[in-house]
Amino acid sequence: MEASDLIKKVRKIEIKTRGLSKNIFAGEYHTAFKGRGMTFSEVREYQYGDDIRNIDWNVTARFNRPYIKVFEEEREMTMMLLVDVSGSGDFGTDVQMKRELMTEMAATLAFSAIQNNDKIGVILFSDRIEKFIPPQKGKKHVLYIIRELLGFEPQSRSTDITGALQYFTNVIKKRCTAFVISDFMDSNYEKAMIIANRKHDMAALHIYDRRETQLPSIGLVKVKDAETGASMWVDTSDKGVRRAYEENWRKRQDEIKQILNKSGVDSVSVSTSDDYVKALLKLFSYRS
């Protein structure tokens, strides 16, 4: 991608996603993803109805009347985005590619985070860790993340969600909020997801395209696996072939839902033709 084209795309995504995060998601994000706990704010005189467990006995003794400690939520958090950049993301038959949708959703979440003065970091993964962007604050940092999401060329086209989760739990020591943004075309990552969710506050955004759910009847078609490179001819006019394709899709979706449910991870599925704003609001409402 030419530098001028990249700058235009970054600007376009910035305008759209920053507006969404500011006008729509700011309050929902704050409510859905809590801070690390409560931190001391001030001391004031006791008022009727205050919790007596918060009485500051040293100050009370000094002034000979009751004072209590006031606490407020410690809001500063770290958000990590684990973004799948494997070959299957370069597919889309409707409005956009899956990878483009992942980029927009990641950018929206990133701007929502900095609206709340949180740090934001990114792990780009395929079947290896392609790039780690340490958590930082600020608009410049978010724009850098968007540039990487748009222009990054992965070394591999396969997927290893387990490896990405293990790297994440090893490199990020303090508890944070994390989103796994992927089409989840992988298996056997349940254990790693459970471990990650015990240490951190995990959520999953499952991205798909409608042509992955159903084949159109358009005759003989040559299809290629974007991750392995294997290709084959498929007779889409055969009802049995189309039925088997749909059944395989439903089976895979059931497996994804089962893994995420067992892991205790909140999730939403978003199609490349869907309004992802509604999907994110739905996810936030789960947690409010």
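Residues numbered from 1 in each chain as written. Predicted model: local features only at pLDDT ≥ 70, side-chain atom pairs only at ≥ 80, totals over all residues. Heavy atoms only, no water.

### Side note on the confidence of the model for the protein
Should pLDDT be low for a region, the predicted coordinates there are not to be read in detail. Counting all residues, the mean pLDDT for the protein is 86, and 86% of those residues have values of 70 or more. When the elements of the protein are averaged for pLDDT, helix α1 (residues 3-32) gives the smallest value, 64, and helix α5 (residues 161-171) the largest, 97. (pLDDT = per-residue confidence, 0-100. Helix = DSSP H or I, 4+ residues; strand = E, 2+ residues; numbered from the N terminus.)

### A look at the nonpolar core
Nonpolar side chains in soluble globular proteins generally cluster together in the buried interior. Counting residues in each nonpolar core, the largest one holds 39 residues, and the members touching the most others are L81, L109, I146, F179, I181 and L205. Per-element accounting of this core gives the leading share, nine residues, to helix α3 (residues 98-115). Beyond its immediate sequence surroundings of up to four residues, I181 is in contact with L81, L82, V83, D84, M102, A106, L109, L205 and I207. Core analysis: the second largest hydrophobic core is formed by 23 residues, M80, C176, F184 and A204 among them. (Core = buried A, V, L, I, M, F, W, Y, C linked by side-chain atoms within 4.5 Å. Buried < 20%, exposed > 50% of the residue type's maximum accessible area, 1.4 Å probe, protein only. Contact = heavy atoms within 4.5 Å.)

### Re the pattern of salt bridges
Following the criterion strictly, the structure yields ten salt bridges and no others. The residue E45 makes a salt bridge to R65 at a minimum N-O spacing of 3.4 Å. A residue pair is termed long-range when its members are at least 10 positions apart, and E45 in strand β1 (residues 37-45) and R65 in the loop between α2 (57-63) and β2 (67-74) qualify at 20 residues. Overall, the relative accessible area of 40% leaves E45 in the partly exposed class. Where E212 meets K98, a salt bridge forms, and the shortest distance between an N and an O atom there is 2.6 Å. Residue E212 is located in the loop between β7 (201-208) and β8 (220-224), and its partner K98 is located in helix α3; the two are separated by 114 residues in the primary sequence. Residue K98 is classed as buried on the basis of its relative accessible area, which comes to 0%. (Salt bridge = Lys/Arg side-chain N within 4 Å of Asp/Glu carboxyl O.)

### Remarks on the sheet that holds strand β6 (residues 177-182)
As a general point, the strands of a sheet are linked pairwise by backbone hydrogen bonds and lie either parallel or antiparallel. Here six strands make up an open sheet; going across it, the order is β5-β4-β3-β6-β7-β10 and the pairing mixed. Each end of this open sheet is capped by a strand with a single partner; those strands are β5 (129-136) and β10 (266-271). Sheet twist, expressed as the mean angle between neighbouring strand axes with direction ignored, is 15°. Pairing analysis gives five bridges linking strand β4 (residues 119-125) to β5, with the strands arranged antiparallel. By the bridge assignment, F125 is partnered in β5 with I129. (Pairing = 2+ DSSP bridges. Axes fitted to C-alpha atoms, helices over the stretch in contact; angles between N-to-C directions.)

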